[in-house]
Amino acid sequence: MRRWTPHTTVATVIQHEHAFLLVEERQGPGPTVFNQPAGHLEQGETLFDAARRETREESGCTVALNGYLGLYVHTSSSGVTYHSHSFLAHVTGHVDAPLDTPIVAAHWLTPDAIKALSIDGRLRSPLVLRRVQDALAGRRFPLELVVEG
């Protein structure tokens, strides 16, 4: 029997004042969708390094991680299960490099704007809004909760 393996991903929730950093991406024909900077863990990479790398590649921002938001498990409509390790961070700088394909742009959006995108079906997954709501509710665990090494 073939062993089932979920996809391990990371996402970074970055809040500045009353806005959150989301990336707009093209997923094929039709309207673009919005997501936190996020992506797959690469072989040999730590979760922390993956979160910082994905944020840099997708938004052009360098970040410092300052909290663990949690492990979010989601099964997509195509049946793929994702284990998304979600981190809280703040921007420490910017890099002058092209954004990853298929990223169109990075945007600072208010929670109300993110809710409106959710209603319009323009969030990449329901986890996007859930992570924002959890961050606003003060959900935060120490980074030491994740033991790598």
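Scroll up to find the structure.
Below you will find a few notes about this structure. (Residues numbered from 1 in each chain as written. Predicted model: local features only at pLDDT ≥ 70, side-chain atom pairs only at ≥ 80, totals over all residues. Heavy atoms only, no water.)

Digging into the pairing of strand β2 (residues 19-25)
Across the seven residues that make up β2, a large majority, seven, are buried. Neither face of β2 is left uncovered, since the one carrying Ala19, Leu21, Val23 and Glu25 and the one carrying Phe20, Leu22 and Glu24 both have all their residues buried. Judged from the two bridges that link them, strand β1 (residues 7-16) and β2 form a sheet pairing that is antiparallel. Directly across from His16, in β2, lies its bridge partner Ala19. Between the end of β1 and the start of β2, which pair antiparallel, lie two residues, with Glu17 showing a positive phi angle near 55°. Bridging between β2 and strand β7 (residues 103-109) involves six bridges; their strand directions are antiparallel. Residue Glu25 lies in a different strand from β7, and its bridge partner there is Ile103. (Buried < 20%, exposed > 50% of the residue type's maximum accessible area, 1.4 Å probe, protein only. Helix = DSSP H or I, 4+ residues; strand = E, 2+ residues; numbered from the N terminus. Pairing = 2+ DSSP bridges.)

Brief notes about the pattern of salt bridges
Oppositely charged side chains can form a pair if their charged atoms are brought close together. Inspection of every chain in the model, using the stated rule, returns seven salt bridges. In this structure, Arg130 engages Asp134 in a salt bridge whose closest nitrogen and oxygen atoms are separated by 3.2 Å. Residue Arg130 and its partner Asp134 are located together in helix α3 (residues 127-136), separated by four residues, close to a single helical turn. According to the relative accessible area criterion, Arg130 is partly exposed, its value standing at 42%. On the basis of relative accessibility, which here comes to 10%, the residue Asp134 falls in the buried class. (Salt bridge = Lys/Arg side-chain N within 4 Å of Asp/Glu carboxyl O.)

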